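Structural description and commentary
These are the residues of each chain, in order.
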Amino acid sequence: MDPRIIAINERVKSIRNVIAVVSGKGGVGKSIISTIMALQLSRMGYKVGLLDTDFTSPSTHIILNAEELTPKEDRGVIPPEIHGLKYMTITYYTKNNPTPLRGIDVSNALIEILSITRWGDLDYLIIDAPPGISDIILDLLRINWRIKFIVVATPSKLALETVRKLIKLLEEQGGDIIGIIVNMVMGIVTTEYRGLGKRVLVEIPFQQDLEDKIGDVEELLESMIGRKVEEALKLIVEESP
């Protein structure tokens, strides 16, 4: 076994719940939902960490307005705190430079960041995963440390097809799927998603002014999407150990 996997298992001993937020394709609002989820859990009084594993196109630091943060190093990396969250992202090291990773490089970057990060005691670690059936998703399944998955989608027929494939992959690999969040709903009945055999946690209406709230955490949490994500979280929290 990769010794870094042993280190990862040691790092996550004090994390009670790990939730990876995934999507079949990009542009569905996954990163915003991941970030709001972490923020709302913190607001509820839980100890929360947020990890951005979209190494080539990270965006959670923009949503949090966290571009000036720097982690500390002490027998590993201690993630800095912002808005009540412990927050880890590759942008601490890459800044605004492109990160052209592929294949084994992506896997190594994930394993490395997981093995060196000292999260400490957490109730929830939220992972913002890259879109699609990526190396990151496959590695999270391979690491096998009690990760549960939330799938974010839109009512689009194109999104539905990719979600169907993603759910099939997660099920075949033993992934525990909490449910589906359908985002950007514009009066379209999402019965197709209810037919996938996974519960729809919440349907979030399209919010036209959402772009204006990015970077302002308080406004984001009080917005329509913020309140709807909170609705979904109340269901999830009731079932968490």
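Each remark here, short or long, concerns the structure printed above.
Here goes a summary of the coordinates provided. Each chain carries its own residue numbering, running from 1 in the written order of its sequence. Side-chain atom pairs in this predicted model are given and counted only at pLDDT of 80 or more, local residue features only at pLDDT of at least 70, and totals for whole chains, interfaces and linings cover all residues. In computing side-chain values, all of the structure's heavy atoms are included and hydrogens and water are not.

1. Regarding the overall build of the protein
- Counting secondary structure elements, the protein contains 10 helices and 10 strands.
- C-alpha extents for the protein along the principal axes are approximately 50 × 40 × 40 Å.
- Summary of the burial criterion: residues with accessible area below 20% of their type's maximum are buried, those above 50% are exposed, and those between are partly exposed, where the area comes from a 1.4 Å probe applied to protein chains only. In the protein, buried positions account for 54% of the 241 residues.
- In the form shown here, the protein has an accessible surface area of approximately 11,300 Å², with 50% of it arising from carbon and sulfur atoms.
- Measuring between centres, the 28 positive side-chain charges of the protein sit 4 Å from its 33 negative side-chain charges. Segments assigned H or I by DSSP are reported as helices when at least four residues long, segments assigned E as strands when at least two residues long, and all are numbered from the N terminus. Note on areas: Shrake-Rupley with a 1.4 Å probe; residue coverage comes only from the protein chains shown. Residues scored as positive are Lys and Arg, those scored as negative are Asp and Glu, and His as well as the terminal groups of each chain are ignored. In plain terms, the charge of a residue is placed at NZ if it is Lys, CZ if Arg, CG if Asp and CD if Glu.

2. A closer look at the side chain of Thr-60
- Along the chain, Thr-60 turns up in helix H3 (residues 60–64).
- Judged by its relative accessible area of 0%, Thr-60 falls in the buried class.
- Every residue pair with non-hydrogen atoms within 4.5 Å of one another is taken to be in contact. In this structure Thr-60 touches Ser-31, Thr-35, Leu-50, Asp-52, Tyr-87 and Asp-128, once residues within four positions along its chain are discounted.

3. Focus: the pairing of strand E9 (residues 176–185)
- With respect to burial, E9 is a largely interior element, eight of its 10 residues being buried.
- The pairing criterion is simple: DSSP has to find at least two bridges between the two strands. With six bridges joining them, strand E8 (residues 147–153) and E9 adopt parallel strand pairing. Of the residues in E9, the one forming a bridge with Val-152 is Ile-181.
- A clockwise path from the first strand over the helix to the second, with the strands pointing away from the viewer, defines a right-handed crossover. For the segment spanning E8, helix H7 (residues 157–172) and E9, crossover handedness is right-handed.
- Note that E9 and strand E10 (residues 200–205) share four bridges and pair parallel. Across the sheet, the residue bridging to Val-185 is Pro-205, located in E10.

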